Amino acid sequence: MENFDVILILKYIIIGLVQGFTEPIPVSSSGHVMIASEILGMGEQGFTFAILTNTASLFAVVYIYREDILRLISHSIKYITTKQRRYRADFRFVLFIVIGSIPAGVLGVLLSDVIAENISMTTIAIMLFVTGIALWLIRNMRGTKRDEDLTAKDAILVGLGQAVALTPGISRSGATIISAIAVGMKRETALRFSFMLYIPVSLGGVVLGITDFLGEPDKGALAVPYAATFIVTLFMTYFAMRWFMGIMKSGKLIYFTYYCFIVGTLLLIFY
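Please read these numbers as outputs of a predicted model, since none were measured by experiment. (Residues numbered from 1 in each chain as written. Predicted model: local features only at pLDDT ≥ 70, side-chain atom pairs only at ≥ 80, totals over all residues. Heavy atoms only, no water.)

Section: the overall build of the protein
The condition is simple: Helix numbering and strand numbering both begin at the N terminus, where a helix is a DSSP run of H or I of at least 4 residues and a strand a DSSP run of E of at least 2. Here the globule rule reads 2.2 Å times residues to the power 0.38, and the radius of gyration is calculated from C-alpha atoms. Note on classification: 1.4 Å probe, protein chains only; a residue is buried when its accessible area is under 20% of the maximum for its type, exposed when over 50%, partly exposed between these limits.
In terms of helices and strands, the protein carries 11 helices and zero strands. For the protein, the α and β elements follow one another from N to C terminus as α-α-α-α-α-α-α-α-α-α-α. For the protein, whose C-alpha radius of gyration is 19 Å, the value lies close to the compact-globule estimate of 18 Å for 271 residues. Taken along the three principal axes of its C-alpha coordinates, the protein extends 65 × 40 × 35 Å. Residue burial in the protein is summarised as follows: out of 271 residues, 47% are buried.

Here is the structure:
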């Protein structure tokens, strides 16, 4: 294998590590991928690469929450068919996930091109500051709402937070967790609802982008780098998610505020 190919693969692996590590945590994975690509001299990665890495992260999230997902699906079907009250909470949770996914789904389709064309390092820096300020504001909030206490209004507000996160630099997990905590959810519920929202939106992106992926002219030449990136992103997302779940339990979100401020400041200075 030529040195150029080895270097290229290593660059893609680095970007996969960045994507995987930052996807679950509230610091914006898309913004960090753009930063890493700029530092490595690789330019914008494009829609095909985003689909690849998001799919890898999706697999990791689904695996972590597999028991919850199977229970929610099973109990929702049982509630529809039997109307037994014991299945009602899980059915409502699934319904609220669907409702909460609508804002990002609609805006993603309507504004994706506009958002992609108006992103710069300065924009990412500003959005990181916004994320950091929001994390600071909710740092001491302790909600009381559990899964069974959620309402359609809660789902819509958290869904709007996810829609705002379509802008690189605004963290998806951060925006949804911040919104969920702000409407009164317990941290465990906020975390679960946030990543359950990620699943349908990510699946929608894969379905809508599959044609672009299959039509990618360079995917044959990039097969090995793409495969390496997918694997690295998958495993890094898994371990980062497990780590972040511990952070949420300990309530140490304030550390991500400092991180967003530091990275945002560095971007303003050097870019």
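Structural notes on the packing of helix H6 (residues 121–137) against helix H11 (residues 254–270)
So the rule is basically this: All axes are obtained by fitting lines to C-alpha atoms, using only the stretch in contact for helices, and the reported angles, taken between N-to-C directions, cover 0 to 180 degrees. The scheme is simple: roughly parallel for angles under 35 degrees, roughly antiparallel for over 145, roughly perpendicular for 65 to 115, oblique for anything else. Two helices that cross are described as forming a left-handed crossing if the nearer one is turned anticlockwise from the farther one by less than a right angle, and a right-handed crossing if clockwise. In what follows, a contact means two residues having at least one pair of non-hydrogen atoms within 4.5 Å. Each residue receives one of three labels: charged for Asp, Glu, Lys and Arg, nonpolar for Ala, Val, Leu, Ile, Met, Phe, Trp, Tyr, Cys and Pro, and polar for the others, Gly being one of them.
Interhelical geometry of H6 versus H11 gives an angle of 160° and a closest axis separation of 8 Å. Judged by the inter-axis angle, H6 sits roughly antiparallel to H11. In this structure, H6 meets H11 at a crossing whose hand is left-handed. Of the residues in H11, those touching H6 at Met 121, Thr 122, Ile 124, Ala 125, Leu 128, Phe 129, Thr 131, Gly 132, Ile 133, Leu 135 and Trp 136 are Ile 254, Phe 256, Thr 257, Tyr 258, Cys 260, Phe 261, Val 263, Gly 264, Thr 265, Leu 267 and Leu 268. Grouping the amino acids of the contact of H6 with H11 by side-chain chemistry returns 16 nonpolar, six polar and no charged.

Focus: helix H2 (residues 29–39)
We apply this condition: The definition of a polar contact used here is a pair of N or O atoms within 3.5 Å, where within protein one atom must be able to donate a hydrogen and the other to accept one, and adjacent residues in sequence count solely through side-chain atom pairs.
The complete set of buried residues in H2 reads Ser 29, Gly 31, His 32, Val 33, Ile 35, Ala 36 and Ser 37. Among the residues of H2, the N-terminal cap falls to Ser 28, whose side-chain oxygen and the backbone nitrogen of Gly 31 are separated by 3.1 Å. Phi turns positive one or two residues past the end of H2, at Gly 41, with a value near 70°.

With respect to the packing of helix H7 (residues 152–164) against helix H8 (residues 172–182)
Running from amino to carboxyl end, H7 crosses H8 at an angle of 155°, the nearest separation of the two axes being 8 Å. With respect to H8, the element H7 is oriented roughly antiparallel. In the packing of H7 onto H8, the handedness of the crossing is right-handed. Of H8, the residues touching H7 (which contributes Leu 157, Val 158, Gly 161 and Gln 162) are Arg 172, Ala 175, Thr 176, Ser 179 and Ala 180.

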